[in-house]
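# Architecture at a glance
One letter stands for each residue in the lines below.
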Amino acid sequence: MFDKNLAKPIPLLQAEALERRIKIDHEKMPEIKKEIKILTSGYNGEKELNYQMRQIPQHKYHIFHDLRLPVGETFFQIDVLLLSPNILVNLDGKNHSGKITIEKNQMIQETFDKREIYENPVSQTNRHKILLRNWIEENSLPAIYMDNLVVFTRSSSEIIITPGYKEAESKICKSHDLIKKIEELEKYNKKVWMNEQDILKLSDLFLKKHIPKRIDILKLFTIPESDIISGVQCPLCLFVPMMYNRHKWICPTCQCISKNAHNRAIDDYCLIYKPWFKNSEIRNFLHLPSTRSVSYFLSFLNFTRTGCTSDSIYHQPNLFP
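The sections below set out a description of the structure shown in this document. (Residues numbered from 1 in each chain as written. Predicted model: local features only at pLDDT ≥ 70, side-chain atom pairs only at ≥ 80, totals over all residues. Heavy atoms only, no water.)

## Concerning the nonpolar core
To keep things clear, this is the line we draw: Side-chain atoms within 4.5 Å are what join buried Ala, Val, Leu, Ile, Met, Phe, Trp, Tyr and Cys residues into a set we call a nonpolar core. Only protein chains enter the area calculation, which uses a 1.4 Å probe; residues under 20% of their type maximum are buried, those over 50% are exposed, and those in between are partly exposed. Numbered from the N terminus, helices here are DSSP runs of H or I no shorter than four residues, and strands are runs of E no shorter than two.
The biggest cluster of nonpolar side chains holds 40 residues, and the ones touching the most others in it are L18, I228, W249, I266, F277 and L286. Mapped by element, the contributors of at least two residues to this core are α1 (10-20), α2 (29-53), α7 (217-220), α8 (262-272), α9 (279-286) and α10 (291-298). Ranked by size, the runner-up nonpolar core spans 19 residues in total, among them L67, I78, L81 and W135.

Listed below in structure tokens is the structure:
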């Protein structure tokens, strides 16, 4: 069963929101588009892993996508985690293209126009396994056998492992071989380490301790707030800003009329600035005429509100858990 489903990463949503909210010819646009391409590639790899996970009998494992857990003052992130009474498996997805060479101290990616060097992914997953084991011990949970696999999700990539590097040969696979690899792990790990109560406790703790990654997107690209285009964007022609009239939005360019075009604008605000706002802040961003008009729109949305005065703060729990 999927205890934590796959969702679009918040940094990718943030970069896409920023792309919508600056001028097309902005000097930072090429950097933003490059970042979106990189993050989208990673997300596509996770979607391929998700497809493979859905072919595993659902009663066998508790499945967690994209867990980010605290360790000291920092975090470690796991693409996919499989939990059963017999084993805990960490899957690290790689969506690299071209020719991939795995050596003991590095991974080399070669495409038609570039050559890049990365950390050895086997070493990376081994480190995550150690961190995860320590994390489980620190939270006073029973020990369990743990293993890890590196899964290359792009079928066209060529994977070359240095001759004699046995650990990489056993830990690395393509996504179409993943189910077979998991079955092999099951075959050799029959001992029951956790009962159902232990598993549910660990699952609850994973979800409770998970902290989604969020970046300061303006600081990352050194973009001043004054460069951000405010207002509600037309869902058809993308013109900004739409005009407000009696709880509706009207596009002055294509005459599109919408009752909920403000929803994306609110998302953009929360992604670019911060995941909460006061009535006055979102009123200025949406170009609304009064606090009453803001309250009307917010009354239809599932926001968490703290406070009961003009300083009340609204949080968006669905997008930012």
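Here the narrative resumes, following the displayed structure.
## Section: the layout of surface pockets
As a reminder, the rule being used: Every definition here rests on a 1 Å grid over the protein atoms only: cavities are sets of points where a 1.4 Å probe fits but cannot get out, pockets are open sets enclosed by protein on both sides within 12 Å along at least five of seven lines, and lining residues have some atom within 4 Å of a point. Grid points are joined across faces, edges and corners, and a volume is the space filled by probe spheres set on the points. Residues are grouped as follows: Ala, Val, Leu, Ile, Met, Phe, Trp, Tyr, Cys and Pro are nonpolar; Asp, Glu, Lys and Arg are charged; all remaining types, including Gly, are polar.
Here the largest pocket is characterised by a volume of approximately 1700 Å³. As for the largest pocket, its lining consists of 49 residues, of which I38, L39, S41, G42 and Y43 are closest to the centre. The set of elements that each furnish at least two residues to the lining of the largest pocket consists of α1, α2, β2 (62-71), β3 (74-83), β4 (88-94), β6 (106-110), β7 (115-118) and α3 (121-138). Residue contributions to the lining of the largest pocket peak at 11 residues, all from α2. Here the lining of the largest pocket is built from residues that sort into 17 nonpolar, 15 polar and 17 charged.

## Notes on the sheet that holds strand β8 (residues 146-152)
Here is the rule: Strands are treated as partners if at least two bridges between them are detected by DSSP. Orientation is described by axes fitted as lines to C-alpha atoms, over the contacting stretch for helices, and by angles from 0 to 180 degrees between their N-to-C directions.
The mixed open sheet is built from 6 strands, whose spatial order is β1-β2-β3-β4-β8-β10. Either end of the sheet is taken by a strand with one partner, and the two such strands are β1 (2-4) and β10 (172-174). Pairwise comparison of adjacent strand axes, ignoring direction, gives a mean angle of 35° for this sheet. Sheet topology note: the β3/β4 ladder contains 4 bridges and is antiparallel.

## Re the packing of α1 against α8
Using the following cut-off: In these notes the angle categories are as follows: under 35 degrees is roughly parallel, over 145 is roughly antiparallel, 65 to 115 is roughly perpendicular, and the rest is oblique. Two helices crossing with the near one rotated counterclockwise from the far one by less than a right angle form a left-handed crossing, whereas a clockwise rotation gives a right-handed crossing. Throughout, a contact is declared for two residues whenever any of their heavy atoms are within 4.5 Å.
The geometry of α1 relative to α8 is characterised by a closest axis approach of 9 Å and an angle of 115° between their N-to-C directions. With respect to α8, the element α1 is oriented roughly perpendicular. When the axes of α1 and α8 are compared, the crossing they make is left-handed. Contacts between α1 and α8 involve I10, L13, Q14, A17, L18 and R20 from the former and R264, D268, L271 and I272 from the latter. Here the residues of the contact of α1 with α8 sort into 6 nonpolar, 1 polar and 3 charged.

## Overview of the sheet that holds strand β11 (residues 243-245)
With antiparallel pairing, the 3 strands of this open sheet are ordered in space as β11-β12-β13. The outermost strands of the open sheet, each flanked by one partner alone, are β11 and β13 (257-258). Strand direction decides the pairing type here: β11 and strand β12 (residues 248-250), joined by 3 bridges, are antiparallel. By the bridge assignment, Y244 is partnered in β12 with W249.

## Focus: α2
Note the following rule: To estimate the expected span of a helix, count its residues, drop one, and scale the result by 1.5 Å.
Along its 25 residues, α2 runs 36 Å from first to last C-alpha, staying within 8% of the 36 Å computed at 1.5 Å per residue. Among all positions of α2, only M29, I32, I36, Y43, G45, E46, L49, N50, Q52 and M53 are buried.

## Thoughts on the environment of H287
Within the secondary structure, H287 is located in the loop between α9 and α10. The sequence separation of H287 and H62 amounts to 225 residues, and the corresponding C-alpha distance is 46 Å.

## A word on the environment of I87
Checked against the element boundaries, I87 lands in the loop between β3 and β4. Expressed as a C-alpha distance, the spacing of I87 and I266, which sit 179 residues apart in the sequence, is 42 Å. Setting aside residues up to four positions removed in sequence, I87 forms contacts with Y61, L82, I144, Y145, D147, L185 and N189.

## Side note on the pairing of β3
In terms of burial, β3 is largely enclosed, as 7 of its 10 residues are buried. Note: β2 against β3, 9 bridges, orientation antiparallel. The residue bridging V71 from the neighbouring strand is T74, located in β3. Once β2 ends, the chain turns through 2 residues before running back antiparallel as β3, passing G72 with a positive phi of about 65°. The loop that links β3 with its antiparallel partner β4 comprises 4 residues.

## Focus: the packing of aromatic side chains
As a reminder, the rule being used: Working definition: rings of Phe, Tyr and Trp (its six-membered ring) pair if their centres are within 6.5 Å, and the pair is stacked with planes under 30 degrees apart, edge-to-face with planes over 60 apart, and tilted otherwise. Think of it as a cone above the ring: NZ of Lys or CZ of Arg counts as a charge over the ring if it is within 6 Å of the ring centre and within 35 degrees of the ring normal.
Summed over all chains, the structure comprises 13 aromatic pairs. With a centroid separation of 5.4 Å and an interplanar angle of 20°, the aromatic rings of W135 and F206 are classed as stacked. A residue pair is termed long-range when its members are at least 10 positions apart, and W135 in helix α3 and F206 in helix α6 (residues 196-209) qualify at 71 residues. You'll find W135 and F206 in the same group, each marked buried. Look at Y269 and Y273: their rings are 4.9 Å apart centre to centre, the planes differ by 45°, and that puts the pair in the tilted class. Judged by its relative accessible area of 25%, Y273 falls in the partly exposed class. Among the aromatic residues, those joined into a ring-pair cluster are Y269, Y273, F277, F285, F303 and Y314. The ring of F75 is capped by R68, whose NZ or CZ atom sits 3.9 Å from the centre of that ring. Stacked on the ring of W193, the Lys or Arg K191 has its end atom at 4.0 Å from the ring centre.

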